[in-house]
Amino acid sequence: MTITQLEYLVAITDYGHFGKAAEACSVTQPSLSMQIQKLEDELEVQLLDRKKQPTQPTEIGLLIVQQARQVLQSCEKLKAIVDERKNELSGEVRLGVIPTVAPYLVPLFLKNFLDAYKDIRLKITEQTTESIIEKLKNGQLDIGLMATPSQDDLLKEYPLFYEELLVYVSPANALFKKKYALPEELDPNELWLLEEGHCLRSQIENLCQLTRQAAQLHQFEYKAGSLETLKKMVNTSGGLTILPELATQDFDEDQVELIRYFKTPAPVREIGLVTNRNYLKEKIVAALSDEIQKVVPPKMLQMQERSVVTP
């Protein structure tokens, strides 16, 4: 049994396809298949159900995959211990970012980070908070960039900044004529929300004390997956939505006119980096934190007269 065989087994489980797993592992499919067969022969069990599409572990295979992930995480720890002792910032870093942060923040810090740390290979994917947390726990991600606190004892959090929540309102809406907004003034029948699974939706429901039923009073159901969609729905269909501050940074004058702030203390969401508690490359986390905090507006680094809305 080899570490490579375990890596191949986990890759097939993640990708559900021998060819895609081989590509991800930078080997030929026949070579990958041969190693999996050797592992099955040694263990004298069938680990994968090759008849199913996508390919899935068998019942015993699933248990082996779970243990394989733990073994591979332990191997990564060995490498991390050496890197930390050498004081080196290098290697692959898998970063998961929530969709309501990624398009507005990643372009601001990415180039500077890669220029400053040329030995780091950064792999970024957009994922929901639930997916990021799950993959941090099972070792499929190294770091998450998401709304915190997660309130999970298995994770370690590094708060970065506090992003104000703003109302984006149609001129036809009664709130447009007011200078400031109050959460209780927002009509759920006119409020456009992201689909279930986005932590920003949960934060807005908590802020406005919306029940699930009250948050679904539209004449038709629209499952918006992005903030850009919500903005366009307000522009074309009226109503209002709530946007995080970074999503409004490139607004033109006409769009700025549609923004209304909440009264003090302003509701904010805390954005931070999150890792598995056993993740050892703290210097990489610190470097990433530093580069991100350099590019966000300075006022976002402060908490004065603000109130964090929990996910």
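Coordinates for the structure precede this section.
Below or above, wherever it landed, is the structure these notes cover. As the structure is a computational prediction, the values presented were derived from the model and not from experiment. (Residues numbered from 1 in each chain as written. Predicted model: local features only at pLDDT ≥ 70, side-chain atom pairs only at ≥ 80, totals over all residues. Heavy atoms only, no water.)

1. Quick look at the pattern of salt bridges
Here comes step 1: Tallying each qualifying case throughout the model produces 16 salt bridges.
Here comes step 2: Where Asp115 meets Lys111, a salt bridge forms, and the shortest distance between an N and an O atom there is 2.8 Å. With Asp115 and Lys111 both in helix 5 (residues 102-116), this residue pair falls four residues apart, about one helical turn.
Here comes step 3: What you see here is one network of salt bridges that share partners, running through Asp290, Glu291 and Lys294. (Salt bridge = Lys/Arg side-chain N within 4 Å of Asp/Glu carboxyl O. Helix = DSSP H or I, 4+ residues; strand = E, 2+ residues; numbered from the N terminus.)

2. Notes on the packing of helix 5 against helix 10 (residues 282-295)
Here comes step 1: For the pair helix 5 and helix 10, interaxial distance at closest approach is 9 Å and the crossing angle is 130°. It follows from the interaxial angle that helix 5 and helix 10 lie oblique. The handedness of the crossing between helix 5 and helix 10 comes out as right-handed. Taking contact as the criterion, the partners of Leu105, Leu108, Phe109, Asn112, Phe113 and Ala116 in helix 5 are, on helix 10, Ala287, Leu288, Glu291, Ile292 and Val295.
Here comes step 2: Each residue belonging to the contact of helix 5 with helix 10 can be placed in one class, and the counts come to nine nonpolar, one polar and one charged. (Axes fitted to C-alpha atoms, helices over the stretch in contact; angles between N-to-C directions. Parallel < 35°, antiparallel > 145°, perpendicular 65-115°, else oblique. Left-handed = near helix turned anticlockwise from the far one by under 90°. Contact = heavy atoms within 4.5 Å. Nonpolar A, V, L, I, M, F, W, Y, C, P; charged D, E, K, R; others polar.)

3. Brief notes about the packing of aromatic side chains
Here comes step 1: The tally for this structure, following the rule as stated, stands at two aromatic pairs.
Here comes step 2: The interplanar angle of 45° and the centroid separation of 5.1 Å between the aromatic rings of Phe113 and Tyr117 together place this pair among those described as tilted. Like Phe113, the residue Tyr117 is buried in the burial classification.
Here comes step 3: One residue, Arg260, lies across the ring of Phe176, its end atom 4.7 Å from the ring centre. (Phe/Tyr/Trp six-rings, centres within 6.5 Å; stacked < 30°, edge-to-face > 60°. Buried < 20%, exposed > 50% of the residue type's maximum accessible area, 1.4 Å probe, protein only. Lys NZ or Arg CZ within 6 Å of the ring centre and 35° of its normal.)

4. Quick notes on the side chain of Ser90
Here comes step 1: With respect to the helices, strands and loops of the structure, Ser90 is situated in the loop between helix 4 (59-86) and strand 3 (91-97).
Here comes step 2: Other than its neighbours up to four places away in sequence, Ser90 contacts Asp83, Asp119, Ile120, Lys281 and Ile284.

5. Observations concerning the pairing of strand 11 (residues 266-276)
A regular strand carries its side chains on alternate faces of the sheet.
Here comes step 1: Counting buried residues in strand 11 gives eleven out of eleven residues, a clear majority hidden from the surface.
Here comes step 2: With six bridges connecting them, strand 5 (residues 143-148) and strand 11 associate as antiparallel partners. Among the inter-strand pairings, Ile143 is bridged to a residue of strand 11, identified as Thr275.
Here comes step 3: Pairing of strand 6 (residues 155-169) with strand 11, which is carried by nine bridges, proceeds in the antiparallel orientation. Bridge pairing in strand 11 links Leu155 to Asn276.
Here comes step 4: As paired strands, strand 11 and strand 12 (residues 306-308) are joined by three bridges and run parallel to one another. When the bridges of strand 12 are listed, Ala266 appears paired with Arg306. (Pairing = 2+ DSSP bridges.)

6. Some words on the environment of Gln209
Here comes step 1: Relative to the helices and strands, Gln209 is located in the loop between helix 7 (199-208) and helix 8 (227-237).
Here comes step 2: Accessibility expressed as a relative area gives 70% for Gln209, which makes it exposed.
Here comes step 3: Residues Gln209 and Glu184, spaced 25 residues apart in sequence, show a C-alpha to C-alpha distance of 7.8 Å.

7. Looking at the nonpolar core
Here is a general trend for soluble globular proteins: nonpolar side chains tend to be buried in one another's company.
Here comes step 1: By size, the foremost hydrophobic cluster in this structure holds 69 residues, and its most contacted members are Leu145 and Ile292.
Here comes step 2: Element by element, the count of residues in this core is highest for strand 6, at nine residues.
Here comes step 3: In this structure, Leu9, Ile36, Leu47 and Leu48 belong to the second largest nonpolar core, which totals 17 residues. (Core = buried A, V, L, I, M, F, W, Y, C linked by side-chain atoms within 4.5 Å.)

8. As for the packing of helix 1 (residues 3-15) against helix 3 (residues 29-43)
Here comes step 1: Orientation of helix 1 relative to helix 3, taken along the N-to-C sense of each, is 110°, at an axis distance of 9 Å. What the angle tells us is that helix 1 and helix 3 run roughly perpendicular. Each of Gln5, Leu6, Tyr8, Leu9 and Ile12 in helix 1 lies in contact with helix 3, whose residues at this interface are Leu32, Gln35, Ile36, Lys38 and Leu39.
Here comes step 2: For the contact of helix 1 with helix 3, the per-class residue count stands at seven nonpolar, two polar and one charged.

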